[in-house]
Each structure stands twice: as C-alpha cells, then as structure tokens.
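One-letter residues, chain by chain:
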Amino acid sequence: MRKNTVIGFIGLLFCLCIQAQGTSTSVNSTVNDVDWARAEKFSSDALEQYIKGKRPYPNWIEGSSYFYYNVKEDNGVSYYLVNAKNGKKRNMIKDNLQFVQQYARITGDTLDARNIQLYGYRFKKNDFNRFYLDKKGKSMVYDMRTGILTQIKAENKKKERPVLKPSYHSSDSLFTMLGCGYDLYIRNNRTGIIHRLTKDGKEDASYTYRCSKDTIESNTKGFWLGHRYVCLMQDMSEVKEISLINSLARQRPTTNTFKMPMPGDAGVRQYRMFWYDADHEQGKMLPIEKYPDQVVTLDYFRSPEALFFTRRSRKGDKIDLCRINVTDGTVTELISEECAPHINLTLSGYRIIEKGKYFIWWSERTGKGNYYLYNSDGRLLNRITHGDNLVAGSIVHIDTLRRNIIFAGYGNEPDTNPYYTFYYKADFDGKKQTLLTPGNGKHELTLSDDQRYAIDTYSRMDLAPVMNVLSIDRPTQYFKVNRMDDSLLRKAGWQPPLLLKLKAADGKTDLYGLMYLPSQLDKNKKYPIISNVYPGPQDDQIPQSFTLDDNGNQSLAELGFIVINVAPRGSSPLRGHDFYNFGYGNLRDYPLADDKSVIEQLAKKYPFIDLNRVGIYGHSGGAFQTVAAILTYPDFYKVAVAASGNHDNNIYIQWWGEAFHGLTEKTDPKTGKTVFSTKIPTNMELAKNLKGHLMLITGDVDKNVPPSSTYRLADALIKANKRFDMFILPGKDHGVMCPYYQNLIRYYFVENLIQPVKQHIDIINHN
C-alpha cells in the first residue's frame with residue numbers, strides 16, 4: 001500500500017489532507033448506491049419552491065382588533081382581513097383580474113393577477129371596508145365591497161422626526177458633559193467654565209468613545225438624569241489580546257487583534273460606576289463592588305429618582321438587584337439570589353414594575369424556573385407562576401392595570417415535548433394561571449396593540465404551521481384561521497423526520513430528538529447511522545417548529561444514511577436546574593454516554609441501523625463533542641467531522657468555560673486578593689485514542705472559536721502519529737455553512753461509511 005500526502009488549494013479553500021490509496025471495499029453490498037441528485041432534491045433550497053408564499057405572516061392593524069395576511073393558494077395569492085373578535089376572515093380583493101386591470105389604468109404598471117404583490121397598504125379610521133395604497137406616484141383607495149379601485153388626491157405626508165436630546169446635555173441644557181482623552185469634563189453653560197471630573201481614564205478603560213485631543217460633546221459614554229450624570233465604565237485594560245490573520249485581505253495579509261478573556265485569567269473585565277452632581281459640583285465612584293471580578297449590567301430603565309443594576313459573581317452562582325438613588329448616589333441591595341453551581345444564564349432576569357414600586361424576579365429556587373413578585377424594598381410578596389414541571393421563560397407582556405403577565409413556559413403540559421413553547425397568563429398575586437395556547441407544538445404569540453387579542457401560530461417538525469386567533473380574556477374562545485398547505489411538498493416526496501423520545505444512559509431521563517430516514521428506505525437493508533450533535537448547555541439547537549431539511553440532515557439521509565439529532569442531558573436551560581447543570585465539572589465528557597446509548601437503543605428498535613458503521617458530526621460545541629466521542633469510544637464511532645470546535649476550552653470564551661465547568665476560588669495569603677483558576681479537560685489529551693476517520697474544519701478568521709483550538713488538536717494528533725484530514729476555510733468566521741462545507745460533510749461520510757477506502761490510521765515506517 002502506498003501513502004500520499006496531498007497539500008493544495010481548491011478555489012479559495014486551502015486543504016490539508018492526508019489521503020491513502022487502496023481498493024474500495026463495500027461494508028454492505030446492498031447499500032453501495034449513492035444518489036447525489038436525490039440528496040440535492042431534498043435540500044432546503046430545492047424544497048422551498050413547494051411552500052414558498054404558503055406560510056402567512058400576519059400583521060395587526062394599529063388600534064384595532066383586525067389583522068391581515070397574504071398567502072399563496074391554488075388560484076394565486078390571496079389577501080385576507082381577519083376580525084379577531086369572531087375569527088371571521090374576508091378576502092380583501094374581490095376579483096384579482098379586475099383589480100390588476102384597474103391598477104394598470106391608474107398607474108400604467110402591470111401586476112400578475114395570480115401573484116399580486118402589495119406592500120405598504122393601510123387602513124384608516126377603523127374603516128375595514130377600504131384600504132389605501134401609494135404606487136408609482138399615485139394614491140389609491142380600494143373598496144372591498146364593490147371591488148372598485150379609485151385614484152384619490154395624494155396626501156401631504158409630513159414625516160415628524162422625533163427630537164432626540166443628546167445624552168451629553170442635561171435636559172435643561174444648563175450643563176454639558178465633554179470628553180477629552182479618556183476622561184470626562186463638565187461645562188457650565190451659564191458661565192462657560194469647563195473643569196475636569198475624572199483622571200483615571202486610560203486606553204481600554206475609558207469614559208469616552210475615542211481618545212481626542214480636545215473636549216468634544218459627543219464623546220462621552222454616560223447620560224444625564226436631571227442634573228445628575230451617571231457613567232458605567234468597563235475596564236478591559238488587563239485583558240490579554242489574541243490575533244487572527246486575514247490571508248485574503250487585499251494586497252497583503254492583515255492581522256485582527258482583539259481582547260479576549262479566557263477561563264481562569266487574572267485579567268478580566270472590570271466595572272466602575274461614576275456619578276456626578278452638577279448642582280453641588282461633586283463626583284464620586286459609586287460603591288457597587290461586592291464580588292471579585294463581578295459582572296455588572298445597568299438596566300435600561302431611566303428616571304430622575306432611581307436606576308437599577310445587577311451584579312453577578314464571576315462563578316455565576318450569586319446575583320443581586322441593586323437600586324441607585326440618583327439624587328445622592330447611594331446604592332441599596334434589594335434582592336440577592338444564590339444558586340449552586342450557577343444561575344440559569346439564559347432565562348434568569350427581572351422586570352421593573354410601576355417605576356420600581358414592584359419587581360418581577362426569575363428564580364430557580366424550587367429546581368424549576370419561576371417568577372416571583374417583590375416590593376420596592378426587595379421583600380418577597382409571593383410566587384407568580386406555578387406548575388410542578390413548569391419552567392417559566394420570557395415575559396412577553398405585563399398588564400399593570402389588570403395585574404397580570406403573559407409569559408412563555410416549558411414542560412408544564414402533560415404528554416408533550418418539554419421543549420415546546422406554550423404561553424400562559426398569570427396574575428401578580430399567583431392565584432390564577434391560564435394556558436393561552438393549546439395545541440401540541442411549539443407556539444409563537446403575537447399580541448394586538450391593546451393586548452386583548454393574540455395570534456397563535458404553532459407547529460412541529462412533522463406538523464405544518466397552524467394559525468389561530470384568541471381572546472386574552474377568554475382564551476378558550478379561539479378560532480382557527482389558517483393551516484399551511486404542505487400538499488405539494490408531500491407530493492414531491494418530502495417526509496418529516498421521526499420525533500424521538502428515548503432514555504438517557506441512566507435509563508431514567510427522557511431525551512428528545514429527531515431521526516431522518518431516506519425517503520426510499522428499504523427496511524431489509526442495513527444503513528449507517530450518523531449523529532448530528534450539539535451539547536449546549538446554553539442551547540441544544542434542535543429544531544422544534546416546522547423546518548425544511550434542518551442543517552442538511554434530510555438531504556444527508558437521502559445519500560443512504562440514518563441521521564439523528566438528540567439532545568443529551570445537560571444540553572438545555574429549558575428543563576430545570578438539575579438537567580441544565582448535569583455537565584457541570586465535566587464539560588468535555590458529559591454528553592458522550594447519552595449519544596452512544598441513544599444510537600444503541602435505536603439499533604435495537606430498528607434492525608435496518610448498522611451499529612458497525614456509526615458516524616458523528618457537529619459544529620462549534622458540537623465539534624468539541626464529536627471529537628471527544630470518537631476519541632472516547634474509538635471502537636464505536638468510525639467516522640467524525642468536526643467544524644469550528646472549541647477543543648480546548650481553556651483558550652475559549654471566559655464566561656462559558658467558567659460557568660459550565662467551574663472555577664476554583666482562593667485567597668492569596670500574601671496579597672489578600674481572590675485568585676480564580678480552572679483546568680478544563682481537552683480533546684488533545686485523548687488524541688492517542690484515534691482509530692477511525694476524522695476530519696477537522698475551521699475558518700481562519702473565527703473570532704468566536706479561534707482556529708487555535710483546531711490547530712492545537714491537529715498538533716496533538718500529529719504528535720500521536722495519527723492520520724486525519726483537515727480543511728482550513730480562508731476568510732470564514734464561525735459561520736462556515738455554505739454549499740462547499742455541506743458537501744465536504746456528505747463526501748466524507750459517503751467515502752468512509754458507504755464506499756470506504758482502506759487506509760492506515762497510525763503513521764508508521766513502511767520501509
């Protein structure tokens with residue numbers, strides 16, 4: 001056997017490949033045929049033609065209970081007006097052909113009667129028998145009862161632009177905050193006198209947007225509240241830099257150098273809050289410090305009396321809500337929450353009610369996320385949301401008059417996928433909670449202007465979108481408005497993936513996911529199985545609503561594979577504290593056993609799955625998991641493709657590694673300062689275990705997961721004398737998805753699982 005090493009450019013793509021020559025051997029002679037045309041036929045781009053224009057996107061009419069939408073039907077595009085009070089809809093255009101003929105006479109322009117495209121039409125004065133539009137310099141009104149389109153006198157439209165007071169002037173313009181260098185200067189506009197306020201500004205720790213030689217009005221980062229000025233300054237001066245090379249820059253390559261704190265770094269972002277009283281010419285740093293290396297977030301709420309901010313510990317296990325008395329600059333801690341090992345970074349939050357009279361606070365104190373009501377002093381009044389299995393998500397509306405909230409929720413409806421979004425209404429006092437959106441699927445809610453009605457659209461991966469309209473006060477009174485027509489899609493041969501519910505490796509925890517099958521599946525044959533993975537924990541990235549060929553998995557299956565995508569334990573913030581934190585302290589390995597177990601369960605249930613031919617692939621964190629899997633279970637996974645992977649989380653984003661793996665916190669006995677450290681296991685430590693085929697992919701200008709992780713993994717594999725394939729995508733950042741990338745994945749699995757080439761994995765001396 002001869003060994004060739006090929007290094008070359010393919011178009012703009014630099015490819016470092018180590019290939020072997022040998023005879024093609026079929027693992028299963030009955031699964032040798034690969035239909036590339038069929039794979040392309042079932043790609044999302046190819047399938048889109050069958051549903052284009054068939055999914056409605058409704059729009060509420062301002063100040064009314066009506067909304068409109070357009071949708072492509074068998075006889076062409078139809079426009080509908082819907083009354084949310086009774087669910088009745090009417091066709092806005094009485095006769096399409098007559099409409100386009102009238103339109104042509106008025107405008108001199110032509111429209112396709114079967115594909116009328118109207119934009120910018122409007123209704124006036126709650127008259128829902130007519131709509132108005134302006135096209136080609138003509139103003140028109142269409143009477144939906146008579147079907148008559150009439151030209152009318154053009155309106156004199158005066159665009160009133162809001163007058164925005166610059167943030168550097170006080171509201172009465174008596175004072176102006178100026179920036180010079182990195183510091184703040186104040187000008188008394190009555191006297192014209194300017195004096196300096198701060199002296200600690202410096203590069204990467206500045207009160208100004210840019211370093212200037214002169215005092216400039218528009219160069220300050222803070223804002224005025226009455227005669228008080230507040231500026232939250234972020235100090236990045238001790239954060240170390242990282243550099244990337246853009247090899248495709250014109251004329252010559254360039255470097256992109258930026259600040260990037262990493263897990264365990266001593267130099268991380270710091271926060272300081274400067275406050276100034278212009279009346280008494282007094283300024284000071286506000287006492288916001290509590291936790292070493294804390295994260296401070298100032299709320300967008302603004303009033304001359306109060307500001308609010310949160311401070312979170314570096315470990316992410318403690319968070320406080322604090323109030324700033326704008327008048328005198330005093331800081332009061334209102335709510336303090338502690339949650340080990342860390343709070344839910346995705347869902348945690350709060351809302352300020354009635355200018356700070358009340359607060360709605362999210363907490364996982366029961367093991368599931370819920371909302372709680374506090375008064376202005378930070379005293380707990382009651383729990384708002386309820387349900388043994390409910391995880392409360394984002395708040396979409398707060399009604400302070402009726403004293404209730406509308407919020408997203410997960411896991412509360414029996415016999416449904418806990419990842420599906422439902423919407424509920426709950427009273428402030430916690431005594432009543434009502435489901436607004438029945439229907440087994442993931443829901444999207446759009447409220448009318450007065451929040452009395454809502455459009456509820458829900459779907460699943462195997463259910464085309466269904467659109468209902470409902471009354472918020474009487475949610476059981478809802479009306480079906482539309483269901484997307486997917487008949488052409490199904491006639492074209494499309495089939496939805498199978499919805500999976502399986503057990504985790506512990507044999508207890510329910511896991512959910514998808515399985516994509518070839519549309520011409522022959523159950524008498526054996527098919528390789530490929531697992532598309534992403535471990536979270538902040539998001540599992542498995543589609544729950546109707547989606548065509550997500551991530552190219554259906555088109556990949558059409559090549560002769562079974563493709564699955566199942567969320568492991570620890571992959572999502574939507575299933576409660578214990579599930580979310582399953583991987584804490586075990587960031588590299590926590591999802592691996594579940595993925596292997598799921599594949600084994602499916603092989604027992606479906607005999608057409610070939611356990612001797614198992615592949616795995618993923619992007620970003622999914623690439624990290626992919627490599628860890630093939631190196632942890634080298635006799636189980638035979639082929640792997642890993643793109644843009646954070647294979648060494650010690651050189652990845654600080655907050656991600658520290659929150660999800662953990663930190664050691666110690667006090668230096670000499671300095672008394674708190675010292676943080678962490679050591680996250682890496683894929684490099686497992687490099688010697690490689691037995692199968694592995695392809696690494698990375699963009700060379702990726703600022704999210706810098707290519708250093710992939711390079712270091714490649715170095716470890718080389719030192720372990722392992723063969724692997726590696727592609728560098730020039731000019732690509734973290735978003736590597738493109739047809740070339742997608743086809744790389746397809747070819748790699750076909751050539752190594754369906755039509756494999758025999759080759760050595762270990763680099764050995766052939767003399």
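Asks: Help me understand the overall build of the protein in this model?
Replies: Helix and strand counts for the protein stand at 11 helices and 46 strands. The globule rule puts the C-alpha radius of gyration for 767 residues at 27 Å, and the 30 Å found for the protein is close to it. Seen along its three principal axes, the alpha-carbon backbone of the protein occupies a region of about 90 × 85 × 60 Å. Within the protein, buried positions represent 54% of all 767 residues. Accessible surface, the protein: about 35400 Å² in total, of which carbon and sulfur atoms supply 48%. Between the averaged position of the 101 positive side-chain charges in the protein and that of its 84 negative side-chain charges there is a distance of 3 Å.

Asks: Mind showing me how you'd approach the sheet that holds strand β28 (residues 380-383) here?
Replies: Pairing between the strands of a sheet is mediated by backbone hydrogen bonds and can be parallel or antiparallel. Strand order across the open sheet formed by 4 strands is β25-β26-β27-β28, with antiparallel pairing between neighbours. Whereas interior strands pair on both sides, the edge strands pair on one side only; in this sheet they are β25 (350-353) and β28. Here the strands of the sheet are splayed against their neighbours by 20° on average, with no regard to which way each runs.

Asks: Just checking my understanding: could you explain the side chain of His661 for this structure?
Replies: Examined against the element boundaries, His661 turns out to sit in helix α9 (residues 654-661). Within the structure, His661 has its side chain in polar contact with the backbone nitrogen of Leu587 (distance 3.3 Å). Discounting residues that sit within four places of it in the chain, His661 has contacts with Tyr584, Gly585, Asn586, Leu587, Trp656, Thr678, Lys679, Ile680 and Pro681.

Asks: I'm lost on empty space enclosed by the protein in this one. Help?
Replies: Vacant regions in the atomic arrangement are exposed by a probe of water-molecule size rolled over the atoms. Across all of its chains, the model carries 6 cavities of 30 Å³ or more by this definition. Together, Ile319, Glu337, Cys339, Ile343, Asn344, Ser348, Gly349, Trp361, Trp362, Ser363 and Glu364 line the largest cavity. For the lining of the largest cavity, the leading source of residues is strand β26 (residues 358-363), giving 3 residues. Residues that form the lining of the largest cavity fall into these classes: 5 nonpolar, 4 polar and 2 charged. In this structure, the second largest cavity occupies an estimated 50 Å³ of space.

Asks: Just to check I follow, could you spell out helix α10 (residues 708-719) for this structure?
Replies: Each full turn of the α-helix corresponds to 3.6 residues, which orients residues three or four apart in the same direction. The end-to-end C-alpha separation of α10 is 16 Å, in line with the 16 Å expected for 12 residues at 1.5 Å each. The inward-facing, buried residues of α10 abut α8 (621-632), β45 (693-699) and β46 (725-729). Looking one or two places after α10, you find Asn721, whose phi comes out positive at around 60°.

Asks: What is the right way to look at the environment of Arg402 in this model?
Replies: Along the polypeptide, Arg402 turns up in the loop between β29 (391-399) and β30 (404-410). The class of Arg402 is partly exposed, set by a relative accessible area of 45%. As for Arg402 and Asn683, which are separated by 281 residues in sequence, their C-alpha atoms are 54 Å apart. Side-chain polar atoms of Arg402 contact the side chain of Asp473, separated by 2.6 Å.

Asks: What exactly am I supposed to notice about the pattern of salt bridges here?
Replies: Two side chains bearing opposite charge may form a pair once their charged atoms approach each other closely. Using the criterion set out here, one finds 41 salt bridges in the structure. Across the salt bridge formed by Glu558 and Arg38, the nearest N and O atoms sit 3.2 Å from each other. With Glu558 in the loop between α5 (553-557) and β40 (562-566) and Arg38 in helix α1 (residues 36-41), this pair connects stretches of sequence that are 520 residues apart. For Glu558, a relative accessible area of 6% puts it in the buried group. Among the residues examined, Arg38 registers a relative accessible area of 15% and is labelled buried. Of the charged contacts in the structure, one is a salt bridge between Arg130 and Asp127, with a shortest N-O distance of 2.6 Å.

Asks: How do you make sense of the packing of aromatic side chains when you look at a structure like this?
Replies: One pair of aromatic rings is described through two measures. These are the centre distance and the angle between the planes. Applying the stated criterion to the full structure yields 32 aromatic pairs. An angle of 70° between the planes, with centres 6.4 Å apart, marks the rings of Tyr371 and Phe407 as edge-to-face. Of this pair, Tyr371 sits in strand β27 (residues 370-375) while Phe407 is found in strand β30, placing the two residues 36 residues apart along the sequence. Assigned by exposure class, Tyr371 and Phe407 land together as buried. Aromatic pair Tyr617 and Phe749: ring centres 6.1 Å apart, planes at 65°, arrangement edge-to-face. One end of the pair, Tyr617, is in strand β41 (residues 609-619); the other, Phe749, is in helix α11 (residues 739-754), with 132 residues separating them in the sequence. The exposure class assigned to Tyr617 is buried, which follows from its relative accessible area of 2%. When its relative accessible area of 0% is taken as the criterion, Phe749 is described as buried. Through pairs of rings, three or more aromatic residues link up here, namely Tyr66, Tyr68, Tyr79, Phe99, Tyr103, Tyr121, Phe123, Phe128, Phe131 and Tyr142.

Asks: Before we go on, may I ask you to explain the pairing of strand β22 (residues 306-312) in this structure?
Replies: Within β22, 6 of the 7 residues are buried, which leaves it mostly tucked inside the rest of the structure. Of the strand pairs in this sheet, strand β21 (residues 295-298) and β22 are connected by 4 bridges, and their pairing is antiparallel. Each residue of the ladder has a partner; that of Val295, found in β22, is Arg312. Two elements, β22 and strand β23 (residues 318-325), share 7 bridges in a ladder whose sense is antiparallel. Counted as the bridge partner of Phe308 is Arg323 from β23.

Asks: I would appreciate a short explanation of the sheet that holds strand β15 (residues 223-225) in the present structure.
Replies: Pairing in this open sheet of 4 strands is antiparallel, and the strands run β15-β16-β19-β20 from one edge to the other. Lying at the two open borders of the sheet, with one neighbouring strand each, are β15 and β20 (282-285). Here the strands of the sheet are splayed against their neighbours by 20° on average, with no regard to which way each runs. Inspection of the sheet shows strand β16 (residues 228-235) paired to strand β19 (residues 270-277) by 8 bridges, in the antiparallel sense. Following the sheet pairing, Asp235 is matched in β19 by Gln270.

Asks: What should I look at first to understand unusual backbone geometry in this one?
Replies: Leave glycine aside and you will find that most residues have negative phi; peptide bonds, for their part, are mostly trans. Across the junction of Ala340 and Pro341, the peptide omega takes the value 0°, indicating a cis bond. Topologically, Pro341 is positioned in the loop between β24 (331-338) and β25. The residue after Gly536, namely Pro537, is reached through a cis peptide bond having omega 0°. Following the sequence through the fold, Pro537 ends up in the loop between β39 (527-532) and α5. Of note, Lys125 is a non-glycine position whose phi angle comes to about 50°, a positive value. Within the secondary structure, Lys125 sits in the loop between β7 (122-124) and β8 (127-135). A residue is classified by how much of its surface remains accessible, and Lys125, at 84% relative accessible area, is exposed. A positive phi angle, close to 55°, is found at Asn126, a residue other than glycine. For Asn126, the location among the structural elements is in the loop between β7 and β8.

Reading the values: rules and limits
Residues numbered from 1 in each chain as written. Predicted model: local features only at pLDDT ≥ 70, side-chain atom pairs only at ≥ 80, totals over all residues. Heavy atoms only, no water. Helix = DSSP H or I, 4+ residues; strand = E, 2+ residues; numbered from the N terminus. Rg over C-alpha atoms; globule rule 2.2 N^0.38 Å. Buried < 20%, exposed > 50% of the residue type's maximum accessible area, 1.4 Å probe, protein only. Areas by Shrake-Rupley, 256 points an atom, 1.4 Å probe, with all protein chains shown as cover. Lys, Arg positive; Asp, Glu negative; His and termini not counted. Charge placed at Lys NZ, Arg CZ, Asp CG, Glu CD. Pairing = 2+ DSSP bridges. Axes fitted to C-alpha atoms, helices over the stretch in contact; angles between N-to-C directions. Polar contact = N/O pair within 3.5 Å; in protein donor to acceptor, adjacent residues only side chain to side chain. Contact = heavy atoms within 4.5 Å. 1 Å grid on protein atoms, 1.4 Å probe; cavity = no way out; pocket = protein on both sides within 12 Å on 5 of 7 lines; lining within 4 Å. Points joined across faces, edges and corners; volume = space filled by probe spheres on them. Nonpolar A, V, L, I, M, F, W, Y, C, P; charged D, E, K, R; others polar. Expected span 1.5 Å × (residues − 1). Salt bridge = Lys/Arg side-chain N within 4 Å of Asp/Glu carboxyl O. Phe/Tyr/Trp six-rings, centres within 6.5 Å; stacked < 30°, edge-to-face > 60°.

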